[in-house]
Amino acid sequence: MAFISSGYNPDKPMEDRITDIGPRHFDEFYPPVIKANKGKWLYHDILEPGVLVHVAESGDEVYTVRAGGARLMSVSHIREICEIADKHCGGFVRWTTRNNIEFMTTTKEGAYALKADLESRKFDGGSFKFPVGGTGSGITNIVHTQGWIHCHTPATDASGPVKATMDVLFDEFKNMRMPAHVRVSLACCLNMCGAVHCSDIAILGFHRKPPILDHEYLDKMCEIPLAVAACPTAAIRPSKVDYEGKTVNSVAVKQERCMFCGNCYTMCPSMPLADDEGDGIVLMVGGKVSNRISRPTFSKVVVAFIPNETPRWPTTTATIKKMVDVYAANANKYERLGEWAERIGWERFFEKCELEFTHHLIDDFRDPAYYTWRHTTQFKF
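Below or above, wherever it landed, is the structure these notes cover. (Residues numbered from 1 in each chain as written. Predicted model: local features only at pLDDT ≥ 70, side-chain atom pairs only at ≥ 80, totals over all residues. Heavy atoms only, no water.)

Here the focus is the pattern of salt bridges. Scanning the entire structure with this criterion turns up 19 salt bridges. The salt bridge involving Asp 167 is made with Lys 163; its shortest N-O contact spans 3.1 Å. Remark: Lys 163 and Asp 167 occur in helix H5 (residues 159-168); sequence separation between them is four residues, near one turn of the helix. Via salt bridges that share partners, Glu 80, Glu 83, Lys 87, Asp 117, Arg 121 and Lys 129 belong to a single interconnected network. (Salt bridge = Lys/Arg side-chain N within 4 Å of Asp/Glu carboxyl O. Helix = DSSP H or I, 4+ residues; strand = E, 2+ residues; numbered from the N terminus.)

Pasting the structure below:
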């Protein structure tokens, strides 16, 4: 194992550094034009969907071509991305927080050559490997969680609904004809690894049944105190259960307290939560992080439950497409989806989008911080 040399100089922490533990410094990965002009940018512009230019005070320019990526990538796909970066960008490439891939060049000609190369690359089925777009007043890539592939508590898949949804929204990824930008996200359970609480349109996987109790193996596979302590609503308690003529140590679930979060299953594999009938999708609308025009807002539930309809989730995608089309046809310029719904009233939002309103959608929750914390940068006089 390597160690830092005894002549460590706190004024020059990288001098004589011989350890390889920990990440390398991030400024090693800047393209030269970015490194030379960091903090000195004059302005930026979107030349067309997916193509941006940033101009520095020095007059230097950097052109960015944004392509849609995937959250889960194969090794061969990543190698192809690196090959494109080596060919056009001096080996530099970056990912955005919404799973887009950004390639940067220093000339306009290089940017358009790069764009042509990206759009010429297709899968065997004919779809784009690297569709260019996702900028400005359009629909950018969907940020999502792990789903059935990697996670242990999902109520829906992630990659499946996201692929199906982006297929119906693909034209809006390639264009900038929305009133404002639209952020779509997916979280495959209530623990929300995704940004569904603050997105214009959010797809949320939702469990509707309490965990199944496998009394035969629970005490053998789980530490019962951990399973009890993991429940945020105190719905689980230790219990003695008669199983096949024997009394075994297990747990009992107070169903009216259970909020179907799956924390117990995280601690105890003998308390599975997944269920083909109880699991499905909730659609939420109107969240945003931006302070522009109005303060940041949380999403509101507008569709209480849609079953998992593998492999293409037709009801989910059709409902989202309807909301996007109605928003695009009726909102004012620069008005986010939630701001439009607030302006016309949520009753009219439901009518225009042909959504059913039920008592499940009534929200009377108020975070204590709502009254005590300042949660906007806007000034009110």
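The next subject is the packing of aromatic side chains. Inspection of the entire model under this criterion finds ten aromatic pairs. Measuring from ring centre to ring centre gives 6.0 Å for Phe 26 and Tyr 30, while their planes differ by 75 degrees; the resulting arrangement is edge-to-face. When its relative accessible area of 48% is taken as the criterion, Phe 26 is described as partly exposed. Measuring from ring centre to ring centre gives 5.8 Å for Phe 349 and Phe 350, while their planes differ by 90 degrees; the resulting arrangement is edge-to-face. There is no split in this pair, since Phe 349 and Phe 350 are both buried. Of the aromatic side chains, those joined through ring pairs into one cluster are Tyr 327, Trp 340, Trp 346, Phe 349, Phe 350 and Phe 357. Across the ring face of Tyr 334, the terminal group of Lys 333 is positioned such that the distance to the ring centre comes to 4.9 Å. (Phe/Tyr/Trp six-rings, centres within 6.5 Å; stacked < 30°, edge-to-face > 60°. Buried < 20%, exposed > 50% of the residue type's maximum accessible area, 1.4 Å probe, protein only. Lys NZ or Arg CZ within 6 Å of the ring centre and 35° of its normal.)

With that settled, consider the state of the cysteines. What the rule picks out here adds up to one disulfide. Here Cys 222 connects covalently by a disulfide to Cys 268, the sulfurs 2.0 Å from one another. Judged by the torsion about the S-S bond (75 degrees), the Cys 222/Cys 268 disulfide is right-handed. Of the two residues, Cys 222 sits in the loop between helix H7 (215-221) and helix H8 (224-230) while Cys 268 sits in the loop between helix H9 (263-267) and strand E11 (280-285), which places them 46 residues apart along the sequence. (Disulfide = S-S within 2.5 Å.)

What follows covers the environment of His 181. Examined against the element boundaries, His 181 turns out to sit in the loop between helix H6 (170-173) and strand E7 (184-187). Using a relative accessible area of 29% as the deciding quantity, one classes His 181 as partly exposed. Sequence separation between His 181 and Ile 139 is 42 residues, and the spatial gap between their C-alpha atoms is 6.2 Å. What His 181 contacts, discounting residues up to four positions off in sequence, is Gly 136, Ser 137, Gly 138, Asp 200 and Arg 336. Separated by 3.0 Å, the side chains of His 181 and Arg 336 make a polar contact. (Contact = heavy atoms within 4.5 Å. Polar contact = N/O pair within 3.5 Å; in protein donor to acceptor, adjacent residues only side chain to side chain.)

We now examine the sheet that holds strand E8 (residues 201-206). Two strands in a sheet stick together by hydrogen bonds in their backbones, pointing the same way (parallel) or opposite ways (antiparallel). Taken in spatial order, the five strands of this open sheet run E6-E7-E8-E11-E12, and their pairing is mixed. Whereas interior strands pair on both sides, the edge strands pair on one side only; in this sheet they are strand E6 (143-144) and strand E12 (300-307). Pairing geometry for E6 and E7, over two bridges, is parallel. Bridge pairing links His 144 to Leu 186 in E7. Helix H10 (residues 314-330) contacts E8, E11 and E12 of the sheet and is inclined by roughly 10 degrees relative to E11. (Pairing = 2+ DSSP bridges. Axes fitted to C-alpha atoms, helices over the stretch in contact; angles between N-to-C directions.)

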